[in-house]
Amino acid sequence: MKQLMTGNEAIARGAYEAGIRFASAYPGTPSTEILENIALYKDDIVAEWAPNEKVALEAVVGYSIAGGRAIASMKQVGLNVAADPLFSFAYTGCNGSAVIVTADEPGIHSSQTEQDNRYYAKMAKLPMLEPTDSQQAKDMVIAACEISEKYRTPVIIRMTTRICHSKSIVELGSRREAPNKEYKKDIWQYTTMPAVSRKLRFELEERLKGLTRESNNSPFNDIEWNDKSIGIIANGIAYQYAKEVFGEEASYLRIGFSYPIPMELIKEFASRVDTLYVIEEVEPFLEEEIRAAGIACHGKDILPGIGELSPRIMEEKIKGVKKELLPTKPDKVTNRPPVLCAGCAHRAVFYELGKRKDLFISGDIGCYGLGALPPLNAMDTCICMGASVSAGHGAAKAFTEYDVKKHVVSVIGDSTFFHSGMTSLLNVIYNKSKTITLILDNRITGMTGHQDHPGTGYTAQGEESQEADIEKIVKALGVNHVRKINPLQLNELHEAIDTALETPEPSVIIARWPCALKKLSAKDKEEFGEYVKRYIVKKEQCIGCKKCIRTGCPALRFDKASKKTLIDPIMCNGCSLCAQVCPVDAIVLDQK
Amino acid sequence: MVKAKSILIVGVGGQGTLLASKILTQGLMEMGFDVKMSEIHGMSQRGGSVSAHIRYGEKIYSPVISEGEADILISFEEMETYRWLNYLKPGTGIAIINNYRLPSAPVLTGQMDYPEDLIEEISEIANAVVVNARDIALELSFAKSMNIVLLGALIKIAGLDNMDWENIIRSIVPEKYLEGNLKAFAAGMHSVI
Ligand SMILES: Cc1ncc(C[n+]2csc(CCOP(=O)(O)OP(=O)(O)O)c2C)c(N)n1
């Protein structure tokens, strides 16, 4: 049977067909849907959201050493978090099989960096596969399990946004059951003590030799001979673009098994074409090695190393063809930055923080990163997950040291707190910085599209679970001043921040209200009730002061003609923030 | 060999572009085409600009449409049409425009003005077909079916109507919204005859 699938759905299908029984991940664009889709194979695969990527990978390490088949998936920066186990895991190797999917983001559509994670394969000395479409994404999971088992090595599959989020046709197969491998205790294999690692270090090099042979003979590194005046070596989505632009005017070596680099095959291909182009997005990963092997080629000398490639870029840069475009006027285009949703409780927090002077607001990664933008303008930094609390600690130390009058407020989401905020907060307490940590507990991982986490009380496969209690956790970490508030009550929020600012010790405010888009769980309904509310403007009362507009709610519009605010009844989620900031009570609950 | 065709669907997060493209690509596959689709939806829930690139033909390589290569640009919002207009093939490309405006944050807060004459601007340089999808959807008293109205118009204009689309919609849309969506689809097809 054939089915249209995204690359992520195909990875999930591949996991099913490969007989994988365990999957662990932490959400992150563009990788999130891999685990979401694996979780649907409830009878065959145990799928878990881990609190972070390191934990996810370590769970897979354990599962595979114990003898099972497992897969971990994460976005590119997630592999930074999981890099520690990655390198050790390369040494110990696995017993069952282990697949690690990294989803990179050329073009930085929804990430912090444009890093090229192929270098992780090289640095950790692990085999790496790169699909060019969804069919290959599925096939490669099955192949990765086989390679993993044969060489007792974890295998990396590297995807990019355009592979993850593009649909193409996939031929479905059936699941093959893979029996577990017997586990035998062997400290000379599974403990990375120096003496053991020194031994494993040699084995790693031996393994790479075998994998190099494998790569040179892999069906994923395939040659298509056409006209030999142009030879193209390409990987991932760049291969599809090249085929689109050159068709049969060029010969191709598609690189799907990209580490160890199949240099024998590359040499053979290069020797039979007149001009060689190496086409890859972002870094010259293949090109560097090809040039180092003494092979002349074009690559980053003509193609950009920043951002995504496209058929058009290749046409322009390689063929020298520049097509006319419609003459649009760029100055007529108004931009459309993402905004906090109507009814989002984060808005209240940033509205309150934005009003205060002398704050250094240490932000973090999540929807609430949007608090940095106008009209809220309430954030100083946003670095990487968990950094709000720890960078806030550092900033507070510096401000104290240099006698700068700034108070640090670190703002972190619930999912991010569980990911890597807890150790940062421990540092605040242990090393005594007087920071305020504001935990935006919207009861879900919002940014990546609503995944459960330890605080929601549900697992990835919808089972009820122990709900992690943030209040108890922060108290156990040693925070003496903890307040739990409803951020949509501005008075309460205002007072809590005032009190925290006056407190001479570190404090925590937990702002607890569910994401406006969250499908409320049974537990949520019990706690927050089911509310459907709309607010309306009493036209005759509105004085056009725009105070409500300054909350940045997308449901509000200032009508220039009447000089009054309008509320879009379809968008309004009834949070009441605009009504609370209105100085003349012109915004009221719609009684209809 | 059937030449590859490219359809670019654009809009604002939450407008239902993804459902429209899902129905379209499923139908194209069942018509026997090779199909690829690429979407960028990272920040889509936060009211950002969203796009779905759809390509079909005998054999498709790139899932992404380059600037100047779209045979049809269908846009769920006026400004989005203009933002993506340089993706339309000069000369033969057709822009299907929903004459519906969703002002973005800089407009809502009064930092920028929403241009009044976008449809005229577009019509001057491209073949434009305007669909009053919102009015049509409201007439059916199903405001949320604007996306399916536009899909109907698209399928008619792309000449893809020799296919049982009702059946495809039936297989994708939940029962509770089915009837409304089928009506919206028919009304959309009808709107561009
Ligand atoms: C290391 C790493 N993993 C994953 C991500 C993707 N990501 C960005 S924000 C976020 C979660 C945000 O959830 P939460 O802290 O609850 O805030 P919310 O979006 O709900 O406001 C995730 C998973 C990332 N940027 N970095």
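Everything quoted here is computed from the prediction, not taken from an experiment. (Residues numbered from 1 in each chain as written. Chains lettered and ligands numbered in written order. Predicted model: local features only at pLDDT ≥ 70, side-chain atom pairs only at ≥ 80, totals over all residues. Heavy atoms only, no water.)

Some thoughts on the overall build of chain A
- On a plain count of helices and strands, chain A comes out with 21 helices and 23 strands.
- Against the 2.2 N^0.38 benchmark of 25 Å for 592 residues, chain A shows a C-alpha radius of gyration of 27 Å, consistent with a compact globule.
- In terms of overall dimensions, chain A has C-alpha extents of about 80 × 65 × 55 Å along its principal axes.
- For chain A, the proportion of its 592 residues judged to be buried stands at 58%.
- If you take every contact in chain A between residues at least 6 apart in sequence, the share linking residues at least 24 apart comes to 75%.
- Accessible surface, chain A as shown: approximately 24200 Å² in total, 52% of it carbon and sulfur.
- Separation between the mean location of the 73 positive side-chain charges and that of the 76 negative ones in chain A comes to 4 Å. (Helix = DSSP H or I, 4+ residues; strand = E, 2+ residues; numbered from the N terminus. Rg over C-alpha atoms; globule rule 2.2 N^0.38 Å. Buried < 20%, exposed > 50% of the residue type's maximum accessible area, 1.4 Å probe, protein only. Contact = heavy atoms within 4.5 Å. Areas by Shrake-Rupley, 256 points an atom, 1.4 Å probe, with all protein chains shown as cover. Lys, Arg positive; Asp, Glu negative; His and termini not counted. Charge placed at Lys NZ, Arg CZ, Asp CG, Glu CD.)

Looking at empty space enclosed by the protein
Residues and elements named next belong to chain A.
- Scanning the entire structure with this criterion turns up seven cavities of 30 Å³ or more.
- Quantified by volume, the largest cavity comes out at close to 130 Å³.
- Taken together, 13 residues line the largest cavity, and the ones lying closest to its centre are Cys-341, Cys-344, Cys-367, Asn-442 and Cys-515. (1 Å grid on protein atoms, 1.4 Å probe; cavity = no way out; pocket = protein on both sides within 12 Å on 5 of 7 lines; lining within 4 Å. Points joined across faces, edges and corners; volume = space filled by probe spheres on them.)

Observations concerning the pairing of strand β10 (residues 230-235) of chain A
Residues and elements named next belong to chain A.
- A large share of β10 lies buried, amounting to six of its six residues.
- Going residue by residue along β10, you find Ile-230, Ile-232 and Ala-234 tucked away on one face and Gly-231, Ile-233 and Asn-235 tucked away on the opposite face as well.
- Crossover handedness for the path β10 to helix α11 (residues 236-246) to strand β11 (residues 251-255): right-handed. (Right-handed = clockwise from strand over helix to strand, strands pointing away.)

Examining the layout of surface pockets
All names here are of chain A.
- Volume-wise, the second largest pocket comes out at about 740 Å³.
- Residue assignment for the lining of the second largest pocket shows that the elements contributing at least two residues are α4 (76-81), β15 (381-382) and α17 (414-430).
- Residues that form the lining of the second largest pocket fall into these classes: 17 nonpolar, 20 polar and five charged.
- Residue assignment places the lining of the second largest pocket across two domains, with domain 1 (2-216) and domain 3 (345-528) each supplying three or more. (Nonpolar A, V, L, I, M, F, W, Y, C, P; charged D, E, K, R; others polar. Domains from an automatic or database assignment.)

Some details on the interface of chain B and chain A
- Listed by partner, the interface residues are 56 residues for chain B and 52 residues for chain A.
- Buried area between chain B and chain A, summed over both chains or domains, comes out near 4900 Å², and the portion from carbon and sulfur atoms is 62%.
- Across the contact surface, chain B and chain A share eight salt bridges.
- Arg-336 of chain A is paired through a salt bridge with Glu-80 of chain B; the nearest N and O atoms lie 2.5 Å apart.
- For the pair chain B and chain A, the interface holds 18 residue pairs in polar contact (both at pLDDT 80 or more). (Buried area = accessible area lost by both parts, 1.4 Å probe. Salt bridge = Lys/Arg side-chain N within 4 Å of Asp/Glu carboxyl O. Polar contact = N/O pair within 3.5 Å; in protein donor to acceptor, adjacent residues only side chain to side chain.)

Digging into the environment of Arg-101 of chain B
All names here are of chain B.
- Here Arg-101 is to be found in the loop between β5 (94-98) and α3 (105-108).
- Its relative accessible area of 31% is what places Arg-101 among the partly exposed residues.
- For the pair formed by Arg-101 and Ser-6, sequence separation is 95 residues and the distance between their alpha carbons is 25 Å.
- Those residues in contact with Arg-101 that lie beyond four places of it in its chain are Glu-77, Glu-78, Tyr-114, Pro-115 and Glu-116.
- Within the structure, Arg-101 has its side chain in polar contact with the side chain of Glu-78 (distance 3.1 Å).
- Here Glu-116 takes part through its side chain, which lies 3.1 Å from a polar atom of the side chain of Arg-101.

Considerations on the pairing of strand β2 (residues 34-40) of chain B
- Burial runs high along β2 of chain B: seven of the seven residues are buried.
- Every second residue of β2 of chain B is oriented toward a common face, with Asp-34, Lys-36, Ser-38 and Ile-40 of chain B on one face and Val-35, Met-37 and Glu-39 of chain B on the other, all of them buried.
- Here two bridges tie strand β8 (residues 166-171) of chain A to β2 of chain B, and the two strands are oriented antiparallel to one another. Residue pairing across strands places Lys-167 of chain A opposite Met-37 of chain B, the latter belonging to β2 of chain B.
- Looking at chain direction, β2 of chain B and strand β3 (residues 49-57) of chain B are connected through seven bridges and run antiparallel. Within β3 of chain B, the residue paired with Asp-34 of chain B across the bridge is Gly-57 of chain B. (Pairing = 2+ DSSP bridges.)

Here's the deal with the domain arrangement of chain A
- By domain assignment, chain A separates into domain 1 (2-216), domain 2 (221-319), domain 3 (345-528) and domain 4 (535-589).
- Taking only C-alpha atoms, the centre of domain 2 of chain A and the centre of domain 3 of chain A are 47 Å apart.

Quick look at the sheet that holds strand β5 (residues 97-104) of chain A
Residues and elements named next belong to chain A.
- If you walk across this open sheet you meet the seven strands as β3-β2-β4-β5-β7-β6-β12, and the pairing is mixed. Of all the strands in the sheet, the pair left with one neighbour each is β3 (46-49) and β12 (257-259).
- Examined bridge by bridge, strand β4 (residues 69-75) and β5 share seven bridges and lie parallel to one another. Within β5, the residue paired with Ala-70 across the bridge is Ala-98.
- Packed onto the sheet, helix α3 (residues 53-65) meets β2 (22-25), β4 and β5 and runs at close to 165° relative to β4. (Axes fitted to C-alpha atoms, helices over the stretch in contact; angles between N-to-C directions.)

Considerations on a nonpolar patch on the surface
- On the surface, Ile-187, Trp-188 and Met-193 of chain A cluster together into a nonpolar patch covering about 300 Å² of accessible area.
- Locating Trp-188 of chain A in the fold gives a position in helix α9 (residues 187-190). (Patch = residues over 30% accessible without salt bridge, like charges linked within 9 Å, V, L, I, M, F, W, Y side chains within 5 Å.)

Brief notes about the site of the ligand
All names here are of chain A.
- By nearness alone, 26 residues border the ligand, and Glu-53, His-346, Asp-414, Thr-416 and Gly-446 come closest of all.
- His-346 is positioned with one of its side-chain polar atoms (N or O) 2.7 Å from an oxygen atom of the ligand.
- Within the contact set of the ligand, an oxygen atom lies 2.9 Å away from a backbone nitrogen or oxygen of Met-447.
- If the ligand stood free it would expose 590 Å²; the protein chains cover 97% of that surface.
- In terms of residue count, the dominant contributor to the shell around the ligand is α17 (four residues). (Near = heavy atom within 4 Å.)

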